[in-house]
Amino acid sequence: EESKRKEYFSSGHRTCATFTLLYFVALFVLRFREFGIETAYEMLWGCNVSMLQAAIGVLTSRRLLVSSAITTVLIDQLCWYVDVAGYAVCGRFPIKVAAYLLREHVSITKKITACHHLWFLPLYVWILRSSGTGEVSLKSWAMTAVLTSYLITFSRMFVPFDIHRPGLDDPVYLNVNLAHEFW
């Protein structure tokens, strides 16, 4: 019964989850004001879906949702750390997952609202570990495989590879969830 669900997460954890939800909404609103429908497509990126999934997992005390959200972004966000460190030390992005931030058509709004690529993973690993449920089970890996397969398939079928934004000569590359081409 739902009323008997064990509470794994503290009020501090729930505060972090509430912050994540507010950030998710702010990211959507700020980007939508600037980019319109392009934002709806970009909200389907695994990193954005994972923020929503992890926050809901904490607020509903579902550890599997949190650990699956972590495994969904694990490789990509570790690459962000390598890129940011490489840029800070050598002036270049070794992996190039964050390189899009330096393209001239990328607005300050998009640059600022990309910061979740750096704080999401450590925050939710901390939440999971400090709740005494720090393990990432095989179920979470399986859930991640299903979720990412769905996101990639959906993105391939319904999200364009690129779009033409007024005022730009070149199309804006979307390739959400690498559904059209893998880097």
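Use the structure listed above.
Description of the structure in this document. All values reported here derive from a predicted model rather than from experimental measurement. (Residues numbered from 1 in each chain as written. Predicted model: local features only at pLDDT ≥ 70, side-chain atom pairs only at ≥ 80, totals over all residues. Heavy atoms only, no water.)

Structural notes on the nonpolar core
Judged by nonpolar contacts, the single largest core of 23 residues is most densely connected at Met51, Val58, Val66, Phe120, Tyr124 and Ile127. Elements represented by at least two residues in this core include exactly α1 (11–35), α3 (46–59), α4 (63–90) and α6 (116–130). Tallying contributions element by element places α6 first for this core, with seven residues. With seven residues, the next largest nonpolar core counts Cys79, Trp80, Val97 and Ala114 among its residues. (Core = buried A, V, L, I, M, F, W, Y, C linked by side-chain atoms within 4.5 Å. Buried < 20%, exposed > 50% of the residue type's maximum accessible area, 1.4 Å probe, protein only. Helix = DSSP H or I, 4+ residues; strand = E, 2+ residues; numbered from the N terminus.)

A word on the side chain of Glu38
Within the fold, Glu38 resides in helix α2 (residues 37–42). Among residues more than four places away in sequence, those in contact with Glu38 are Lys110, Ile163, Arg165, Val172 and Leu174. (Contact = heavy atoms within 4.5 Å.)

Some words on α4
It helps to recall that an α-helix has 3.6 residues per turn; residues three or four apart then point in one direction. Between its first and last C-alpha, α4 extends 39 Å over 28 residues, near the 40 Å set by a 1.5 Å rise per residue. The sharpest bend along α4 measures roughly 55 degrees and falls at Leu74. Backbone geometry just downstream of α4 places Gly91 in the positive-phi region, at approximately 80 degrees. (Expected span 1.5 Å × (residues − 1). Bend = angle between axes of the 7 residues up to and from the residue.)

Thoughts on a nonpolar patch on the surface
On the surface, Val25, Phe28, Val29 and Phe32 cluster together to form a nonpolar patch covering roughly 320 Å² of accessible area. Looking at the secondary structure, you find Phe32 in helix α1. (Patch = residues over 30% accessible without salt bridge, like charges linked within 9 Å, V, L, I, M, F, W, Y side chains within 5 Å. Areas by Shrake-Rupley, 256 points an atom, 1.4 Å probe, with all protein chains shown as cover. Salt bridge = Lys/Arg side-chain N within 4 Å of Asp/Glu carboxyl O.)

Focus: the side chain of Asp83
Locating Asp83 in the fold gives a position in helix α4. Despite its burial, Asp83 remains without a salt bridge, the nearest opposite charge being carried by Lys96 at 7.2 Å. Here Ala98 takes part through its backbone nitrogen, which lies 2.9 Å from a polar atom of the side chain of Asp83. Not counting residues up to four positions away in its chain, the partners in contact with Asp83 are Arg92, Phe93, Pro94, Ile95, Lys96, Val97, Ala98 and Ala99. (Lys, Arg positive; Asp, Glu negative; His and termini not counted. Polar contact = N/O pair within 3.5 Å; in protein donor to acceptor, adjacent residues only side chain to side chain.)

A look at the packing of aromatic side chains
Applying the stated criterion across every chain yields a total of 10 aromatic pairs. Pairing Phe161 with Tyr173 gives two aromatic rings, centres 5.1 Å apart and planes at 85 degrees, and the pair type is edge-to-face. Residue Phe161 is located in the loop between α7 (138–158) and β1 (162–163), and its partner Tyr173 is located in strand β2 (residues 172–173); the two are separated by 12 residues in the primary sequence. Put simply, the rings of Phe19, Tyr23 and Trp119 touch in pairs and so form one group of aromatic residues. Sitting over the ring of Tyr8, Arg63 keeps its end group 3.9 Å from the ring centre. The residue whose ring lies beneath Lys110 is Phe35, and the NZ or CZ to ring-centre distance is 4.5 Å. (Phe/Tyr/Trp six-rings, centres within 6.5 Å; stacked < 30°, edge-to-face > 60°. Lys NZ or Arg CZ within 6 Å of the ring centre and 35° of its normal.)

Topic: the packing of α3 against α4
In the contact formed by α3 and α4, the axes pass within 8 Å of each other and the chain directions differ by 155 degrees. Classified by the angle between their axes, α3 and α4 sit roughly antiparallel to one another. As for the relative orientation of α3 and α4, their crossing is left-handed in sense. Between α3 and α4, the contacting residues are Gly46, Cys47, Ser50, Gln53, Ala54, Ile56, Gly57 and Val58 on the first element and Leu65, Val66, Ser68, Ala69, Thr72, Val73 and Gln77 on the second. Its residues placed into classes, the contact of α3 with α4 shows eight nonpolar, seven polar and no charged. (Axes fitted to C-alpha atoms, helices over the stretch in contact; angles between N-to-C directions. Parallel < 35°, antiparallel > 145°, perpendicular 65-115°, else oblique. Left-handed = near helix turned anticlockwise from the far one by under 90°. Nonpolar A, V, L, I, M, F, W, Y, C, P; charged D, E, K, R; others polar.)

A look at unusual backbone geometry
Even without being a glycine, Ser61 presents a positive backbone phi close to 55 degrees. Along the chain, the position of Ser61 falls in the loop between α3 and α4.

Some remarks on the packing of α4 against α6
With their axes 8 Å apart at the nearest point, α4 and α6 run at an angle of 140 degrees to one another. Considering the angle they form, α4 stands oblique to α6. Of the two possible hands of crossing, α4 and α6 adopt the one that is left-handed.

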